[in-house]
Amino acid sequence: MQYIKTLLKKLMDAPGLSGFETPVADLIRHEWEDTCDEVTVSKVGSLHGLKKGAQPVGHKARSVLIAAHMDAIGMMVTELHGSFLRFTDVGGIDPRILPGTPVTVHCSGHGEVIQRPGVIASPHPRAMAPTNGSIPMNELLVDLGMVEAELKSQVQIGDLISFNTHPMEHGSDVISGHSADNRASVTALSTFLRNNKNRQFGWDVLAVATSQEETNFAGAYTSSRSASPDLAIVIDVTFAKGPGSNDWKTYASGKGITLGLGPNIHTGFMRKVKSIAEEIEIPISVEPMPKHSGTDAYAVQVANAGIPTIVIGIPLKYMHTPVEMVNITDIKRTAKLLEGICSELDDKFLKKIAWDHEENDGTAED
Amino acid sequence: MELPKIEQRHKDLLEKLCNAAGVSGHEDEVRKIVLAELKGKHLNVRTDALGSVIATPKQRDASKPLVMLDAHMDEVGFMLVSDDGDGLYSFELVGGIDPRSLPGKQVLVGNDKVPGVIGAKPIHLTTADERAGKLSVESLKIDVGTKGKNIQPGDRAVFATKLMYVEDNIFAKAIDDRIGVAILLQMMELEFPNIQLAYSFSVQEEIGLRGAKVAAQSIDPDFAIAIDATPAYDHPSPDGSIENSYYNTKIGLGPAIYTYDGSTLNDPRLVTLFKRVGEEEKITYQLRQPGGGGTNGGSIHRANGGVPTISISVPHRYTHTAILLSKLTDWESSVRLLAAGLSKMSYELTKQPRP
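Predicted model only: the values in this text are computed from it and were never measured. (Residues numbered from 1 in each chain as written. Chains lettered and ligands numbered in written order. Predicted model: local features only at pLDDT ≥ 70, side-chain atom pairs only at ≥ 80, totals over all residues.)

Per the secondary structure count, chain B includes 9 helices and 17 strands. Radius of gyration (C-alpha) of chain B: 21 Å, near the 20 Å computed for a compact globule of 355 residues. Taking the principal axes of the C-alpha coordinates as reference, chain B spans close to 70 × 50 × 40 Å. Burial analysis of chain B (355 residues in total) assigns 54% to the buried set. Once local pairs closer than 6 in sequence are excluded, the contacts in chain B between residues at least 24 apart make up 76%. (Helix = DSSP H or I, 4+ residues; strand = E, 2+ residues; numbered from the N terminus. Rg over C-alpha atoms; globule rule 2.2 N^0.38 Å. Buried ≥ 20, exposed ≤ 12 C-beta atoms within 10 Å, placed from the backbone. Contact = placed C-beta atoms within 7 Å.)

Dropping the structure here:
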């Protein structure tokens, strides 16, 4: 548990906006170099950690890709406005959560990037047209406490803005902060690799910390194509129950993880994983994903000739706010489920999950 | 006299004061810091019936006017009002907080400073109409993540922001009015042969200037100066179409001398004095735009038979939010202006004709 907490907090504290993942990728690489046989970076910045399997002689080498996106939502400078900045969001942010939020502006005006702390400000009502509602994002400002000339020399349009709050611990199992989406899943994947450092599974396991999920899924599209795995597991956060969110789309935090069900998901693989979870006593809810799953699975599923893909969800409260909240127990469960799945990977596994699996129970000859 | 400077020890003290919790009516942690700072000072120190700390001269010398310096210890914050289960608590606002500044903020709950957050519904589950509207306080909860131990309705909560000094910027919660508390404590380091000073570290400013009212009644000073932090609304308008003519104050332009606010016509003789010493000593200062709002001056100037009173405040942006921005230069100019003005005060002022 302590490993999970320490790693999660470290990953949450690192910047790594969509398309600019290097700071967090470096931290993950440090973990994976110790637990994988090979660690490489893709052309669009995804991190690949290969854990070689014990491939039986005479059979095609099989591999499973396990993806968790490492990029985080944030903001980007759109305009210098007097001694203030204007910005837009990178990934979806509700403007109502922004006024009064501490941020870091990654200032590129002098070439090398300099991080400067600032705060998101809502202009005083007297300086705005009257409103009874929220302040739209294009009217919000970032204040670095600089005068206009200094700001002009330091900040350029396109400079990144990340949240500048640090993770909080709540009791023994709960952590909150920005970027728990999706560093919680990266932590689960890293924990799985660490727990199985000295173990060889039947198949190659390719851990991928994907880039650009929050914007265009570029990491998931490209890593799944180049790796061409036989199966894919996508880990992402899902909606936890909380104030204002209690409908069918939400799951109690700390009470178990979810398995997606829908068009992005391979039904046979999902059913098999569900039975594995039941066997090793991991509480699972089936999460309806009627259309786009909103995860990397959307991209991974259609790579090459198509890849049987499942989605594991870790419930997260207050998604896409600076105070996302996750229960460590669910991260631990995810790591354990990955271990349970990988333990079952043998030369018959693909048959066991084939469409119409009831007629084809995997006992047929190869 | 040599005018004071902000030294590292003052910065350390302000950091401690801003990071402390002290919601109106529960100023205990701030009071402890103040009482510790008052130890060994040659003053009579007491905590009054409301919880304000009052420090007065050991011996009154009637040949010198008694000048009361006031700063308030309390800050805006929250009180938990019901336990909604699973670590969720409903809360009420204490002091004037815009609920629009609350979602997505970290807080500390109770005397044990239990970490909590004020969350918001994920954007994915909201509609465009919802996002264009306001979130009500009733819809927001303080979430301590797990069934709260030692937390109960009635506990206070404050923003969890920790002070940061960045060049000449101060980013912190509760600069309003811990910066005033720090200034009062710094004034104690100075000698003013022309006056005697009494200090009021008041409670309950944010909910109606109540601590200062009884403090002034018991101190019964000849003059009073309320040292507070005043909002700077010096923002541009979104599309430049509206000229922001109501900015109250601007940061970087020095301490704000009050003339007229929502509750006080500041004594014109004191206003003139402080403007004059500002010019003479070449201290940057500004005049707060007359208008609504106010300070403890509002209750002090009507205490007993009346007290000639002035407010001098340090400007800051983002008042009553999780993170305020103030300038070290404005803080330093404030202590300089105050010291320069105090060294010129005498009974003569009261003999000057009122305009």
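From this point, the narrative continues.
What follows deals with the environment of B:Ala198. Residue and element names in this part refer to chain B. Here Ala 198 shows up in strand S12 (residues 196-202). The exposure class assigned to Ala 198 is buried, which follows from the 24 C-beta atoms found within 10 Å. Each C-alpha atom of the pair Ala 198 and Met 79 lies 32 Å from the other, and the pair is 119 residues apart in sequence.

Turning our attention to the domain arrangement of chain A. Residues and elements named next belong to chain A. The domain architecture assigned to chain A consists of domain 1 (2-72 + 178-352) and domain 2 (74-163). Between the C-alpha centres of domain 1 and domain 2 there is a distance of 33 Å. Looking at the side of domain 1 that touches domain 2 residue by residue, the classes come out as 5 nonpolar, 5 polar and 1 charged. (Domains from an automatic or database assignment. Nonpolar A, V, L, I, M, F, W, Y, C, P; charged D, E, K, R; others polar.)

Before going further, it helps to examine the pairing of S12(B). For a regular strand, side-chain orientation follows a simple rule: the groups alternate between the two sheet faces. All names here are of chain B. Burial within S12 is extensive, with 6 of its 7 residues counted as buried. Summarising the sheet, strand S2 (residues 53-57) and S12 pair through 3 bridges and their orientation is antiparallel. Note that in S12 the partner of Val 53 across the bridge is Phe 201. Taken together, the 7 bridges between strand S3 (residues 66-72) and S12 define a ladder with parallel strand orientation. (Pairing = 2+ DSSP bridges.)

Here we come to the domain arrangement of chain B. Residue and element names in this part refer to chain B. Parsing chain B into structural domains produces domain 1 (8-75 + 173-351) and domain 2 (77-159). One C-alpha centre belongs to domain 1, the other to domain 2, and the line joining them spans 31 Å. In the side of domain 1 that touches domain 2, the residues fall into 4 nonpolar, 4 polar and 3 charged.

Residues A:Ile66, A:Val142, A:Ile233, B:Val107, B:Ile142, B:Val181 and B:Leu184 are the most contacted members of the largest nonpolar core, which totals 216 residues. In terms of residue count, the dominant contributor to this core is helix H4 (residues 175-187) of chain B (8 residues). Leaving out residues up to four positions away in the same chain, B:Val107 has contacts with B:Phe78, B:Gly116, B:Val117, B:Ile118, B:Ile142, B:Ala157, B:Val158, B:Phe159 and B:Ala160. (Core = buried A, V, L, I, M, F, W, Y, C linked by C-beta atoms within 7 Å.)

Residue and element names in this part refer to chain B. Read around the closed barrel, the 6 strands follow the order S4-S5-S8-S7-S6-S9; overall the barrel is antiparallel. Both strand S4 (residues 77-85) and strand S9 (residues 156-159) contribute to a ladder of 2 bridges, which runs antiparallel. Across the sheet, the residue bridging to Phe 78 is Ala 157, located in S9.

All names here are of chain B. Residues of helix H2 (residues 28-38) that are buried: Val 30, Arg 31, Ile 33, Val 34 and Glu 37. The buried residues of H2 occupy one face: seen down the axis, they fall within an arc of 160°. Close packing links the buried residues of H2 with helix H1 (8-19), strand S1 (43-47), S2, H4 and S12. Looking one or two residues past H2, Gly 40 carries a phi angle of roughly 85°, positive in sign. (Arc of directions from axis to C-beta.)

Before going further, it helps to examine the packing of H4(B) against helix H8 (residues 328-342) of chain B. All names here are of chain B. Interhelical geometry of H4 versus H8 gives an angle of 45° and a closest axis separation of 11 Å. On the basis of the axis angle, H4 is oblique to H8. Note that H4 runs across H8; the crossing there is right-handed. Facing Ile 179, Ile 183, Gln 186 and Met 187 of H4, the residues of H8 in contact are Trp 331, Ser 334, Val 335 and Leu 338. For the contact of H4 with H8, the per-class residue count stands at 6 nonpolar, 2 polar and no charged. (Axes fitted to C-alpha atoms, helices over the stretch in contact; angles between N-to-C directions. Parallel < 35°, antiparallel > 145°, perpendicular 65-115°, else oblique. Left-handed = near helix turned anticlockwise from the far one by under 90°.)

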